[in-house]
Amino acid sequence: MKQTRQSMEETISLRLFFIGLFSLVLTAALCIFVFHKAFSAQVWADLRTECDEVAAAYTYLGEDTQLSHFVKSGLRITLISPDGTVLYESATTQDMENHLSRPEIQQAIADGSGRSDRDSSTMGYRTYYYAKQLAGGNILRLAQDAQDTWSIYDEALPAVLLCCLAIMALSVVLSWFLCRQLVRPILAMTKNLDTIQEHVPYRELMPFADAIHTDRLLRQNNENLRQEFTANVSHELKTPLTSISGYAELIENGMAKPEDIPSFGQKIHAEASRMITLVNDILQLPQLDSMQQTGDRAPVFEPVDLAEIAHSCMEQQKLNAKRAYITLVCEGGPAVIEGDRQMLEELCQNLCDNAIRYNRPGGKVKLSAGKEKGSAFLQVSDDGIGIPKEAQGRVFERFYRVDKSHSKATGGTGLGLAIVKHIAMIHKAHISLESQVGTGTTITVFFGAQ
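Reference entry: report on the structure contained in this document. (Residues numbered from 1 in each chain as written. Predicted model: local features only at pLDDT ≥ 70, side-chain atom pairs only at ≥ 80, totals over all residues. Heavy atoms only, no water.)

1. Considering the overall build of the protein chain
Piece 1. When you go through the protein chain residue by residue, the secondary structure sums to 10 helices and 12 strands.
Piece 2. Per-residue burial for the protein chain yields a buried fraction of 34% across its 450 residues.
Piece 3. A separation threshold of at least 6 residues defines the contact pool for the protein chain, and within that pool the share at least 24 residues apart is 60%.
Piece 4. With an accessible surface of roughly 27200 Å², the protein chain has 57% of that area assigned to carbon and sulfur atoms. (Helix = DSSP H or I, 4+ residues; strand = E, 2+ residues; numbered from the N terminus. Buried < 20%, exposed > 50% of the residue type's maximum accessible area, 1.4 Å probe, protein only. Contact = heavy atoms within 4.5 Å. Areas by Shrake-Rupley, 256 points an atom, 1.4 Å probe, with all protein chains shown as cover.)

Structural data, given as structure tokens:
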């Protein structure tokens, strides 16, 4: 089942809404806390003022019951004797228990005044009490019910709720608008991916744009290489096949003279051998790519002496060199590395074959092995035609040829140095090329630290 992905706009809008809702709730809680503290302080101040006024007027009263003249809505007045007996209570006419144990009474007897808040057992409210000791020893106590303190919240609650709803609605609209403004430049980036780096709206998106640009360049480069490789393979295979087909047709139609048949057969054999070599090289390159990129079919590394590789290569290339009138020389000392012997032999064979192929009759090819500055090396040098400076950076590309006419004459596939490059990379080796037109070329492969 296809997974439904939430859009970036929806995600940001939702998170902004919840952030706003959380901020609103937190602000409301803090405001209620602060307001309650302020209201509580105001209640205590009002009770103290009221108590001072009643106490001042009490000295002029004839009877305790006249305290009822000072009772207001929500305000209770109690007169208590020093022994805790309730002399007057404005909230009820019934007898009340001894109040000596009440905290505000004890504090008033000790300090002259006292206060406390608690649930009233008689009235059922949370009540604030303020007591003051009078000149005769009696204690005057005023009480304010918590219900009256919180009534302001009840009155303001509808307005608060309406404000909260309005703020939440506004936050939804603003978050949606803000997200549209944030997302719109990002969507505009996708209109032209070729120039995406020039239209990055936010600094944080630069790595993302760079990655897309790099990926597109890599894909385009790979596509160009694929097309070029296909064209080159088609061209390289077509040439020997055309030659083979032509000679075979002459023989098939009886147009070839009996004395020409051996010559035609030799040419057919040479072209077929060239095609087999080309096909083998083409098949080998993907295998080397796979080893390098994914580690599939990992090579078998073992101790290998590069001097032995160079000497063995010289022995195998002697006949090839003799046909081209080239002198082969091998020198150097032991240079043991961890590597795949078969690959290293092929690397040396390709370098030596190239040196012979692009040399002149009477030239010399030298194979060397040894150690230099802590690195083992394998070197093949010649005194042939050399490589122009502008072409030295491309000679390891597939099918690249400096002199195409000379390559066709010598039968090269154009893949030898590409194979050398891949084998060197698998062995984590570094290739150095030094060449000068008309003087010769030296290719050195360093294994290990450089």
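2. Some remarks on the sheet that holds strand β2 (residues 86–89)
Think of a sheet as strands paired side by side through backbone hydrogen bonds, with each pair either parallel or antiparallel.
Piece 1. Strand order in the open sheet formed by 5 strands is β2-β1-β5-β4-β3, and the pairing between neighbours is antiparallel. The open sheet has two edge strands with one neighbour each: β2 and β3 (113–119). Ignoring strand direction, the axes of neighbouring strands in this sheet form an average angle of 20°.
Piece 2. The pairing of strand β4 (residues 126–133) with strand β5 (residues 139–145) spans 7 bridges and is classified as antiparallel. Bridged to Y128 within β5 is Q144. (Pairing = 2+ DSSP bridges. Axes fitted to C-alpha atoms, helices over the stretch in contact; angles between N-to-C directions.)

3. Digging into the packing of aromatic side chains
Piece 1. Per the counting criterion, the structure on display carries 2 aromatic pairs.
Piece 2. Here W44 and Y128 contribute two aromatic rings whose centre-to-centre distance is 5.2 Å and whose plane-to-plane angle is 80°, an arrangement assigned as edge-to-face. Here W44 is found in helix α1 (residues 8–58), whereas its partner Y128 is found in strand β4, with 84 residues between them in sequence. Taken individually, W44 and Y128 each receive the classification buried, so the pair is uniform in this respect.
Piece 3. Here the basic side chain of R115 rests over the ring of W44, its NZ or CZ set 4.6 Å away from the ring centre.
Piece 4. For R118, the ring lying beneath its charged end belongs to Y129, and the centroid distance is 4.1 Å. (Phe/Tyr/Trp six-rings, centres within 6.5 Å; stacked < 30°, edge-to-face > 60°. Lys NZ or Arg CZ within 6 Å of the ring centre and 35° of its normal.)

4. Things to note about the pattern of salt bridges
Side chains carrying opposite charge are able to pair once their charged atoms draw close together.
Piece 1. All told, the structure shown has 10 salt bridges when counted by the stated rule.
Piece 2. A salt bridge links E104 to R118, with the nearest nitrogen and oxygen atoms 2.8 Å apart. Taken together, the positions of E104 in helix α2 (residues 103–111) and R118 in strand β3 put the pair 14 residues apart, joining distant regions of the chain. We note that E104, like R118, is buried.
Piece 3. One salt bridge in this structure joins E308 and R341, with 3.9 Å as the shortest N-O distance. (Salt bridge = Lys/Arg side-chain N within 4 Å of Asp/Glu carboxyl O.)

5. Quick word on the packing of helix α8 (residues 341–357) against helix α10 (residues 416–426)
When two helices pack together, you describe them by how their axes are tilted relative to each other and by the distance separating the axes.
Piece 1. Contact geometry for α8 and α10: axes closest at 9 Å, N-to-C directions at 145°. Between α8 and α10 the crossing geometry is left-handed. Judged by residue contacts, M343, E346, L347, N350, L351 and N354 of α8 engage G416, L417, I419, V420, I423, A424 and I426 from α10.
Piece 2. For the contact of α8 with α10, the residue count by class is 9 nonpolar, 3 polar and 1 charged. (Left-handed = near helix turned anticlockwise from the far one by under 90°. Nonpolar A, V, L, I, M, F, W, Y, C, P; charged D, E, K, R; others polar.)

6. What about the pairing of strand β10 (residues 375–382)?
Piece 1. Most of β10 sits inside the fold, with 7 of its 8 residues counted as buried.
Piece 2. Across 8 bridges, strand β9 (residues 364–372) lies against β10 in antiparallel orientation. Its bridge partner being in β10, G370 is matched across the sheet by F377.
Piece 3. Where β9 folds back onto β10 in an antiparallel hairpin, the turn is made up of 2 residues, including K373, whose phi is positive at roughly 55°.
Piece 4. Across 7 bridges, β10 lies against strand β12 (residues 440–447) in antiparallel orientation. In the strand pairing of β12, Q379 is matched with T444.

7. Concerning the packing of helix α6 (residues 306–316) against α8
Piece 1. Interhelical geometry of α6 versus α8 gives an angle of 50° and a closest axis separation of 9 Å. Taken together, α6 and α8 sit at an angle that is classed as oblique. Crossing angle aside, the handedness with which α6 passes α8 is right-handed. Residues L306, E308, I309, A310, C313 and Q316 of α6 lie in contact with α8, whose contacting residues are R341, L344, E345, C348, Q349 and C352.
Piece 2. Grouping the constituent residues of the contact of α6 with α8 by class yields 7 nonpolar, 2 polar and 3 charged. (Parallel < 35°, antiparallel > 145°, perpendicular 65-115°, else oblique.)

8. So, α2
One turn of an α-helix holds 3.6 residues; hence residues three or four places apart share an orientation.
Piece 1. If you check which residues of α2 are buried, you get E104, I105 and A108. Buried positions in α2, seen along its axis, are confined to an arc of 100° and lie on one side of it. Exposed and oriented more than 90 degrees from the buried face of α2 are A110 and D111.
Piece 2. At its buried positions, α2 is contacted by β1 (75–80), β3, β4 and β5. (Arc of directions from axis to C-beta.)

9. Details of the sheet that holds β12
Piece 1. Taken together, 5 strands build an open sheet; the order of strands is β7-β9-β10-β12-β11 and the sheet is mixed. Single-partner strands in this sheet number two, and they are β7 (327–332) and β11 (429–436). For this sheet, the mean angle separating the axes of adjacent strands, direction not counted, is 15°.
Piece 2. Along the sheet, α8 makes contact with β7, β9, β10 and β12, crossing β10 at roughly 25°.
Piece 3. The strands touched by α10 are β11 and β12; relative to β11, the strand with the most contacts, the crossing angle is about 145°.

10. Concerning the environment of K364
Piece 1. Mapped onto the elements of the fold, K364 is located in strand β9.
Piece 2. Classification of K364 by relative accessible area gives partly exposed; the value is 42%.
Piece 3. When the C-alpha atoms of K364 and Y325 are compared, they prove to be 8.9 Å apart, with 39 residues separating the residues in sequence.
Piece 4. Leave out the neighbours within four places in its chain, and K364 touches I326, T327, V329, N359, S381, D382 and D383.

11. A word on a nonpolar patch on the surface
Piece 1. Among the surface-exposed residues, L16, I19, L178 and L182 lie close enough to one another that they form a single nonpolar patch of about 310 Å² accessible area.
Piece 2. Listing elements by their share of the nonpolar patch, those giving two or more residues are α1 and α3 (146–189).
Piece 3. Relative to the helices and strands, I19 resides in helix α1. (Patch = residues over 30% accessible without salt bridge, like charges linked within 9 Å, V, L, I, M, F, W, Y side chains within 5 Å.)

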